[in-house]
Every structure is written in C-alpha cells, then in structure tokens.
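Below, each chain spelled out in residue letters.
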Amino acid sequence: MSAVSCQLSVAMKVSLFVTCLVDQLFPQVGLSTVKILKKLGVEVEFDVRQTCCGQPAFNTGYVEEAARVARHFLEVYNDSAQIVVPSGSCCAMIKVFLPQLFPEGSTERRRAKEIAERTLELSDFLISVLGVKSTGARFREPVTYHDSCHLLRELGISSQPRRLIRAVEDIDFREMENPERCCGFGGTFSVKFADVSAAIGEDKVQCVRNTGARYVIANDVSCLMHIEGLLRRNQVPVRTMHLAELLAKFDD
Amino acid sequence: MLEKVRRACDQAEGVELPGQSPQFPQYTDPVAKFRQELERTGGVFFDARQPKELPAVLTSVMKQSDSTEIYWEDEQLFQRHGLPFTLRNPEAFAKGFLVYSFHFRQEMKLPILLNSKRYERSELARVSLSASSAGLGVAETGSVVHEVRSGAGRLLSVLPPAHVVFLSEKDLLMNHAELFRSLPLGQYGSALTLVTGPSRTADIEKTLVIGVHGPKQLFVILTS
Amino acid sequence: MIRISANTQAALADQKLQRNLRQTLSKTLHSRNEAVSDVPNWEELRQYARDVKTHTLSRLADYLLELEGKVSEQGGRVIWAETGQEAVQFVLDLAHEKRVAKIVKGKSMLSEEIHLNESLERAQIEAVETDLGEYIVQLATEAPSHIIAPALHKSRGEIADLFVAKLGMAPSQDAVEITKTARKLMREHFLTARIGITGVNFAVAETGTIVIVENEANVRLSVSVPEIHIALMGIEKVIPRTSDLAVFLKLLVRSATGQTMSSYVNFLNGPRRNGELDGPREFYLVLLDNGRSKILADDFLRQTLACIRCGACLNVCPVYQRIGGHAYGSTYQGPIGAILTPQLRSLEEAPEHAYASSLCGACYEVCPVKIEIPHILLRLREKVQGEKNQKAAHLPFEKLAMQVWAWVMCSPSRYARLGRWLRILQKNFEENGKLKLPFPPFNRWIKHRDLPALPARSFKELYSSSEKQP
Ligand code: SF4
C-alpha cells in the first residue's frame, strides 16, 4: 500500500508562489514544496516573473511601495490556477492585506480579492483541498512545532500543520509550552526593536529547549531564521526546519 | 464640543443595536451555585431557610467575626426576613435612626435589641459587624445587591470589617442577564452596589489579600 | 517626543523588572484563560459587545446628550471638557470654591491622562490615591505601569521597603501587613477628605448611571464619605442600555483579572437623595474629549474607542511582557497604548508606538471587544510614514530604500540581477555561510540572529534547471 493515503482522482493544477525569501535564501523549501505537490499528483505551475508580495513595505507603513509591488503580483497571478504559498505571513499578506492596498471599487481591488480567494497556504491546501492524510514522509527525530503568528491568527491555521507532522512516519512530535506565542521576529520590528525582538525570541528558545526536540518546525522561513540565530547564540543544539522540508522527507 | 462629536460620527455607518442578548447560564440548583461561587470568593454561606436555624446561624456569624454586637440596617430587615426577634425599643425606628445594636445573649440563644444609636459615621467606623438585607442575589457569580434607599445609607455595608447580608430565596436570580433586566437603577436611591465576596486586592505581586478598604468577611444568610 | 526605543535597553537589563513581569503576568494570563474557557459563548459575547460599541460610537453625540439629561434630572451636573486642561481647571476651581484641602481618588487612568495629580499638587491640594496599587506608585513618585495593576512592576520586597521608608511601617515582607498598613492609613484619609474623584467604567445613557468596577472598596468609600463626588470619563464610555451591562461586565472582569466578578460594582445615580443617610451632596460628571473626537472621525480607527480598558492585551503582549509599561512613556501601555497614544496625542509626539509591536495579533485574540489592534497599528504606521515624508525636507533614507526596493521588486529582471549582484557582493562579508554586515540596520539585527549568505543558486535557477531535465 502506498504511504500516501490520498491520491487525486481529478487532475489538479496549482500555481506556486515561493516568496522572495525562499527564492533567494532558502531554495530547498521551494524544492521541497514542489516535491510534495508532485508526489501527490498535482501539476505545479511556476511563473518565473514572481518576486515579492509587498509585505516588507506594507508592514513598515510604506503603502505606496507595497501597492506598487502588489500590482506586479496581480499581473503575474492574474489568470493563475489555485495559488499555493509555503509561508504563513506571505499568504496572509495576499489573502488579507493585498485587497486593502487598492481603493474600494477599483478593478485592482476586485482582482486582488479574486486572487486572495484562490490562494492557500501549503498545509491548509494539502488538508482542506487535497484531503491528504500523510505525505508519506518518514523522519526518525524528536521535533516540535512553532505557530507562526500570521499563519495562526490572520489565517486561523493551527491543526493542519500538526496533523501533517503527526502523520510523518517514526516521528516523535512534542508540543512545546506556548507554541502560539510569538517568536519576536515581526519583520520590521526585529530591525527597529532588535533587542526586544531577541529577548522575546529567547523565551521561545527556552520553550523549544524544554521539549528536548532536535528540530523546531515552522511554516515561515523568517521566523525560522530568527529562531535559528537565537538557538545558536544560546548554545541550544536544536536545528530549524521548514514544514515543507519535513513533509518532503520521502524517497522520490 | 458636542458639535465636534456630532460632526465626527456624522458619516459613521450605523450598526443596529443588537436586540437579542446572548445566553447566560441556567442552573438546576441555583442555591448550590450561589453558594459555590460565594465561597470561591472567600464569602461564607449560611442556609437559614428554616427559621429555626437562625439563632445558630447568627451565633456562628458573631463567633467567626469575633463580634458581640450587630449593627442592623432598619426594621424592614426584620419584616422581610421574618426574623423572630424581640424589639426592646420599637419607637426608635420611627425616629429615622438607622443603626441598631443588638447584644448577643448566649443564654437566651437569641440576639435581642438593646438600644438604638444615631447614625453616625464615627460609630460605624468603630463597629465590627453590620447587617443588611440584599435586594437581589445572583447565582451565576454568588453576588448580592446592596440598595441604597431612603432610610438606608451607603456606608453601613462597607465600613465595618465584617458584614452579614440577608438574602431571601425568592430574590435569588439565575444570572446577570436576569439581574440587569430587573435592576432598578436610579429608581429608589442614588446608589446600588453589586457585591461579590469580601474586599480584596492583588496589587502586590498578584498575591491575593482579603480585606483592603472594605469588609474582610462577608456572610450571606439565605432566608425563605 | 516619546522614544520607546531609548527605554528598552534599560528595561531589558533590569533583572528585577524582568522577574516581576514574568511572575505577575503569567499568573494573570493563566486566570484570564481559565475564566474565559469557562464561558462557552465567549465569542458571541465579544461580538455582541463590539456591536453595541460600534453602534454607540456611531451615534455618540445622541447618547451623550441622553446621558447628560438623565444625570441632570437626578441632580448631578455634567461638565463638557474639550481638553485635559479644561477638566483639570474645573476640578481646581471647584476645590478652591469649596475650600477643599484634601481629595481622595479612586484609580482613574483618565486622571493620569490629564495629569490631574500634578496640577492639584501645584495648587497645594492634597490628592491621595486610594487604590493600593495606585497608592504604591504615588508613594514611589512613579507612573502606573499597567492600566489595571499600576504597581505591577514592583516586587513585594520593593513595596515593603517603600512602606518602611515612607510610612514607618515595621519591617515586614508580608503582603497582608503591607495591606493592613494601607488600610489603616487610608481610613483616616477617607474620613477627612471632602472630595472624592473616580474614573468611570461605563455610563448608562438611558438611566444616567455611572458604573465603577473595583475590588478593594476604595471606590465605595470615595463615593460615600466625601461631600462631593467628581467622576471623570472619556466620552467613549457611554453605553445605551442597562441590559448591556450583563455582557460588558462579564467580558471586562474575566479579561481583566480572571475573576468571575469583581468584589464591587458601583452603580451611581447622582448625589444623595432626600432621606438617604450618607453619600455625596454634590455629584459632577466630567465628559472629556481630549482628542477622542478626532479618533471618532476616522471610520477605521474609530474602533480604538471601543476599548473597555481591561488590560488583557497588555498581559498577553510579548513586547509588554519584556519591556513593561514605563518604557512606553505614556499613560496607556502595551497594545492599546500603542494605538491610543499616537492618536490621542499625535503621531509626531509618539512616532514609535505603532512600531513597538511584532504584529503577532495576540492582543486582538484576547480583546473582549474585538479591536483589530494589529491592523490599526499598520494603519498608524502608514500615517507615520505619510506625515514624515510630507514634513521632511529631503527624502528620508528609509523611504528611499523602500522606493528602490519596490522598483526592483516590480521587475523580474531587476530582481534577478539584484540576486546575482548580491551573490558577488556578499563574498566580502561572508563568514561560515553567514553574512557579517557591519552597518545599520543589519549590524543591530545580526547581533542576535544570523543572516545566511545567499546560496549559490536561487530557487528560480534550481527549479528551471530541474525542469529541463527529463
Ligand atoms: S484594547 Fe481590548 S484587550 Fe486591550 S485594554 Fe482595550 S478592551 Fe482590553
């Protein structure tokens, strides 16, 4: 029997938005995402014109600049298939904030809304659309999971990643204390209030350490990057891993 | 200034005032719930729905509060709760005096009115136990309502270190939705207080300390 | 101008503060969560309360008029104060007219907002804070660090030392002893003060009732003994109906302290009436605007005024948990302070408040009236930048950087080119796969975190080459 408990009956096509950070800094996350989707029989479309969703500018208050980048995003994804994003915060940017960047009643707003409606975060897509029970991954390590804030609170996604993690063969999943508490990253916040951001992150590191896990999983490379640095500085022998990387731990 | 406020919300999209209030909990045994909640706040509950229990209950209240006298609200208290006490000085009520002192006589097993005192703040500040009648009680939170009416004051229930409240079972409401549907705000007097347990603070390291500026002890006696 | 960023280091380095915050906030959060999980229809209550607030704010002028009418009918007087200064002046004038030397005060954030105590002191009128926490900060000549628990930043030991030093208390670390000392001392004040000043939690328009929630009974005494009661309220505190109180009180108390109900909820309808034996002979209700009508005028930001000051957003905020209240440099702290302060005062005066948040959204999650704090923060950030750029003589560096960034991100080819350049440039800064950038803002950032070097090939490159393979 296949480890994948769900095979698609209908051909499904998705358009992948990997996000700029994944593209430039963490390509393995994008590759893992593609690997998972393909294994599940999903046809992956990747538009090379994609860049960024505009989040960095938007979160810092530069709405004009964010709108400019968003306009480019709209252009790229205008006639796309179902969009899948391996990032909670970028997905939230697209689903929640992108339409707000354009005036009520404008064509852009309408288009942004349409795009928002057909955009889903990866784990949500796997569970809600594909009905996946397991990706067939196998990982023999103790892991813990951190809820990235935008994923959890803007998108309301918390059970989906956990279900997928628990379904990984041989995994030893350990919930940390307060998994839903912010890691302190906050994008522009980690620049403007670097010390406070780090202090908040230390609490997260403590919670991670207490689980005895060897890996901390999350669904946002930015949070992971922040946590990783703090883990290292606190000499905590735990590594970070993006959810997609974990779920792609199967032989192709 | 009002004009400024009016202009500011002139264009505001109005939302209708919601009509249907959300559900509040119901209890099959409201007395038990009342008791549980009251005790959770550090209050002490007595069931005196059987009038013959009253002397023993009062004995206990006085012992626990280390008091030899009780300062009563007014004569309505006796009538409302059918207290079987002998009034030694009934004409005092007619004079608009408020606070009456009872001496507790062990051998008689009943507190008996001895004398009446003028309503005086300094007197109130000195006494160790006062008594009043609650207008209403709420099972949901173990709360009682103090009403200030003509002939009663605000201070009786707050100055002494211990206070005992008589609550009639028929005045016990289920929950706060019922309470605020029937609370006669401003109708009888200038002040109402919803009291839930003794006075407390958690201002020092979130450590609970009972008895700050108000009573340290709160007793509720349920009558029928 | 308030600079939060200038205060954070000291706060983070203050071990005592860190310990106090940790201990007290975790306790409060825990009780709050328990109290909320006890209510199956919590979400329904939140929505209901929010709807009532939204409705009320959209017709605020009408409800205030109704309130004024009812209060006057009952023999109270309503004072409309457009600014804090006007409110303060009213209190000063009244105190002078009545030759009052001492005032007892119930905890009121509004009084802090208008700096009433300072003015009273200058006028040589003794103002005694009667709430224990507020009294502690008054003794220490500090500002409250939490809208619900003013002395939250202080440990029992620090408070005990303060009481020993300032009040001559016999040395003791016992919270009960400290409280006893305060009770004894405060009794004197209650019995001798001639004016009581309190805040207001809710004001019911249809009955003209002022509602004040408390635990200690200091408000009960402040509104019972002195001959004059002055209640200070922001104009946003009015609600239409008595029946709504059931929902609001349930939300407020559980969110604030995790109790099922506070020890005392005072419902006050004007001064004492004929035949009543005590209570103030005069009752004044001060309706304060002080910037609120400005907030009211914005369709989106208006919801800021729905706040019932429960303090839950402070307790749950990871930033507040680490820097405490004083670092905000304002009367209101934490998430609500971050959105309220720049609006009540000005963005220029408080340009950093909107940025002092990781936008994690925990505040919205707990807010009993569903104020979209993170989204308001974003809107305020937008306004901060807008104002800054308008006023700046040159294009600010950050703006320029953003413009360049957007220019790059709008074009796939520029984006690709930048990626390639960075890969070449980074060679000068790379160390074990990490970038050591010695200039701001990166140097501050990498002090605690690592910025990984860009891998040799981007996803786009890797992906297109893998697609080309059979
Ligand atoms: S914003 Fe919401 S959570 Fe914060 S104090 Fe106000 S009502 Fe409470």
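Look up: the structure comes first, before these words.
Residues numbered from 1 in each chain as written. Chains lettered and ligands numbered in written order. Predicted model: local features only at pLDDT ≥ 70, side-chain atom pairs only at ≥ 80, totals over all residues. Heavy atoms only, no water.

Visitor: Any details on the layout of surface pockets? Residues and values, ideally.
Guide: Empty space within the second largest pocket amounts to approximately 1200 Å³. In terms of lining residues, the second largest pocket is bounded by 50 residues, among which Asn215, Ala256, Thr257, Gln259 and Ser262 of chain C are the most central. Sorting the residues of the lining of the second largest pocket by element identifies α2 (30-40) and β11 (200-204) of chain B together with α2 (15-37), α6 (109-113), β6 (209-214), α11 (218-222), β7 (228-234) and α12 (245-256) of chain C as the ones contributing at least two each. Ranked by the residues each element gives to the lining of the second largest pocket, the list is headed by α2 of chain C, at five residues. A per-class count over the lining of the second largest pocket returns 18 nonpolar, 15 polar and 17 charged. (1 Å grid on protein atoms, 1.4 Å probe; cavity = no way out; pocket = protein on both sides within 12 Å on 5 of 7 lines; lining within 4 Å. Points joined across faces, edges and corners; volume = space filled by probe spheres on them. Helix = DSSP H or I, 4+ residues; strand = E, 2+ residues; numbered from the N terminus. Nonpolar A, V, L, I, M, F, W, Y, C, P; charged D, E, K, R; others polar.)

Visitor: Kindly report on the sheet that holds strand β5 (residues 142-145) of chain A, identifying the contributing residues and their values.
Guide: Residue and element names in this part refer to chain A. Strand order in the open sheet formed by four strands is β6-β5-β7-β8, and the pairing between neighbours is parallel. Since the sheet does not close on itself, it has two edges, and those belong to β6 (172-173) and β8 (239-242), each with one partner. Here strand β7 (residues 215-218) pairs with β8 via four bridges, running parallel. Counterpart to Val216 in the pairing with β8 is Thr240. Contacting β7 and β8, helix α12 (residues 221-233) crosses the sheet at an angle of about 175° to β8. (Pairing = 2+ DSSP bridges. Contact = heavy atoms within 4.5 Å. Axes fitted to C-alpha atoms, helices over the stretch in contact; angles between N-to-C directions.)

Visitor: Please set out the sheet that holds strand β4 (residues 119-121) of chain A residue by residue, giving values where relevant.
Guide: Residue and element names in this part refer to chain A. The strand order across the open sheet built from four strands is β2-β1-β3-β4, with neighbouring strands paired in parallel fashion. For this open sheet the edge positions go to β2 (42-45) and β4, each flanked by a neighbour on one side alone. Each strand of the sheet is rotated relative to its neighbour by a mean of 35°, with strand direction disregarded. Where strand β1 (residues 12-16) lies against strand β3 (residues 82-85), three bridges are found, and the strand directions are parallel. Its bridge partner being in β3, Val14 is matched across the sheet by Gln82. The sheet contacts of helix α7 (residues 122-129) involve β1, β3 and β4, and relative to β4 the element is tilted by about 100°.

Visitor: Lay out the site of the ligand in plain terms, naming residues and giving numbers.
Guide: Looking at the ligand, the residues that line it are Cys307, Ile308, Arg309, Cys310, Gly311, Cys313, Ile336, Cys367, Pro368, Val369, Ile371 and Ile373 of chain C. Among the residues making up the shell around the ligand, the classes are represented as ten nonpolar, one polar and one charged. (Near = heavy atom within 4 Å.)

Visitor: Could you give an account of the side chain of His176 of chain B, naming the residues involved and the relevant values?
Guide: Examined against the element boundaries, His176 of chain B turns out to sit in helix α7 (residues 176-182). If sequence neighbours within four positions are ignored, His176 of chain B has contacts with Phe24, Val138, Glu140, Thr141, Ser143 and Leu194 of chain B together with Ala246 and Met261 of chain C.

Visitor: Could you give me a rundown of the pattern of salt bridges, with the residues and numbers involved?
Guide: One pass over the structure, following the stated rule, counts 53 salt bridges over all chains. Linking Glu73 of chain C and Lys70 of chain C is a salt bridge whose minimum nitrogen-to-oxygen distance equals 3.8 Å. Linking Glu73 of chain C with Lys70 of chain C, this pair stays in helix α4 (residues 60-73), spanning three residues, or about one helical turn. By relative accessible area, Glu73 of chain C is classed as exposed at 64%. Residue Lys70 of chain C is classed as partly exposed on the basis of its relative accessible area of 26%. A salt bridge links Lys105 of chain C to Glu129 of chain C; its shortest N-O distance comes to 2.9 Å. Linking Lys105 of chain C in strand β2 (residues 102-105) with Glu129 of chain C in strand β3 (residues 126-129), this pair joins segments that are 24 residues apart in sequence. A cluster of three or more residues bridged by salt bridges with shared partners is formed by Arg138, Arg140, Glu169 and Asp170 of chain A. (Salt bridge = Lys/Arg side-chain N within 4 Å of Asp/Glu carboxyl O. Buried < 20%, exposed > 50% of the residue type's maximum accessible area, 1.4 Å probe, protein only.)

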